[in-house]
Amino acid sequence: QVQLVESGGGLVQPGGSLRLSCAASGIIFSINAMGWYRQAPGKQREMVATITSGGSTNYADSVKGRFTISSDFAKNTVYLHMSSLKPGDAAVYYCNADLRTYYYSPQRNYWGQGTQVTVSS
């Protein structure tokens, strides 16, 4: 069974920085992409940033220039460095992985439990 565990969330002042980490474990044959999504209370979950195994990245317009996604797929790990944080960035951040558990298995999405990011003075 695949498990994704996030870490690095917490409370930060506006303008501050945080670095989130997510490690996938279990039966993993190959990872196609990993990413970060966030959900604020009463809001829909939205994509923040994604990265493919080939290194292609995609960012939400609201975080471009402030957030950077990186990965170490040899360790089944993805990171999100967040800087110049704003109150609007406050949310639960979820790690996502698009992967195969076996070579003959279809690609599927897996989710972490989420980590809280609070931006407040």
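Structure first, text after, so check above.
Conventions and cut-offs
- Residues numbered from 1 in each chain as written.
- Predicted model: local features only at pLDDT ≥ 70, side-chain atom pairs only at ≥ 80, totals over all residues.
- Heavy atoms only, no water.
- Salt bridge = Lys/Arg side-chain N within 4 Å of Asp/Glu carboxyl O.
- Buried < 20%, exposed > 50% of the residue type's maximum accessible area, 1.4 Å probe, protein only.
- Helix = DSSP H or I, 4+ residues; strand = E, 2+ residues; numbered from the N terminus.
- Pairing = 2+ DSSP bridges.
- Axes fitted to C-alpha atoms, helices over the stretch in contact; angles between N-to-C directions.
- Core = buried A, V, L, I, M, F, W, Y, C linked by side-chain atoms within 4.5 Å.
- Contact = heavy atoms within 4.5 Å.

### Focus on the pattern of salt bridges
So, step 1. Applying the stated rule across the entire model yields four salt bridges.
So, step 2. Measuring nitrogen to oxygen at the nearest pair gives 2.8 Å for the salt bridge that ties Arg 38 to Glu 46.
So, step 3. What makes Glu 46 partly exposed here is its relative accessible area of 35%.
So, step 4. For the salt bridge of Asp 89 with Arg 38, the shortest nitrogen-to-oxygen distance reads 3.0 Å. Placement of the pair is Asp 89 in the loop between strand 8 (77–82) and strand 9 (91–100) and Arg 38 in strand 4 (residues 30–39), with a sequence separation of 51 residues.
So, step 5. Given a relative accessible area of 2%, Asp 89 falls into the buried group.
So, step 6. Here the salt bridges share partners, and the residues they tie into one network are Arg 38, Glu 46, Arg 66 and Asp 89.

### A few points about the sheet that holds strand 7 (residues 67–72)
So, step 1. Pairing is antiparallel in the open sheet, where four strands are placed in the order 1-3-8-7. Strands with a single pairing partner mark the edges of an open sheet, and in this sheet they are strand 1 (3–7) and strand 7. Neighbour to neighbour, the strand axes of the sheet diverge by 15 degrees on average, direction disregarded.
So, step 2. The pairing of strand 3 (residues 18–25) with strand 8 spans six bridges and is classified as antiparallel. Bridged to Arg 19 within strand 8 is His 81.

### Brief notes about the nonpolar core
Considering soluble globular proteins, one finds that nonpolar side chains tend to be buried as a cluster.
So, step 1. With 30 residues, the main nonpolar core has Met 34, Trp 36, Leu 80, Met 82 and Tyr 93 as its most contacted residues.
So, step 2. Elements represented by at least two residues in this core include exactly strand 3, strand 4, strand 5 (46–52), strand 7, strand 8, strand 9 and strand 11 (115–119).
So, step 3. Excluding residues that lie within four positions of it along the chain, Tyr 93 makes contacts with Glu 6, Leu 20, Trp 36, Tyr 37, Arg 38, Val 48, Phe 67, Leu 80, Met 82, Gly 114, Thr 115 and Val 117.

### Some remarks on the environment of Ala 40
So, step 1. With respect to the secondary-structure elements, Ala 40 resides in the loop between strand 4 and strand 5.
So, step 2. The exposure class assigned to Ala 40 is partly exposed, which follows from its relative accessible area of 24%.
So, step 3. The spatial distance from the C-alpha of Ala 40 to the C-alpha of Val 92 is 6.3 Å, given a sequence separation of 52 residues.
So, step 4. Residues in contact with Ala 40, not counting those within four places in the same chain, are Ala 90 and Ala 91.

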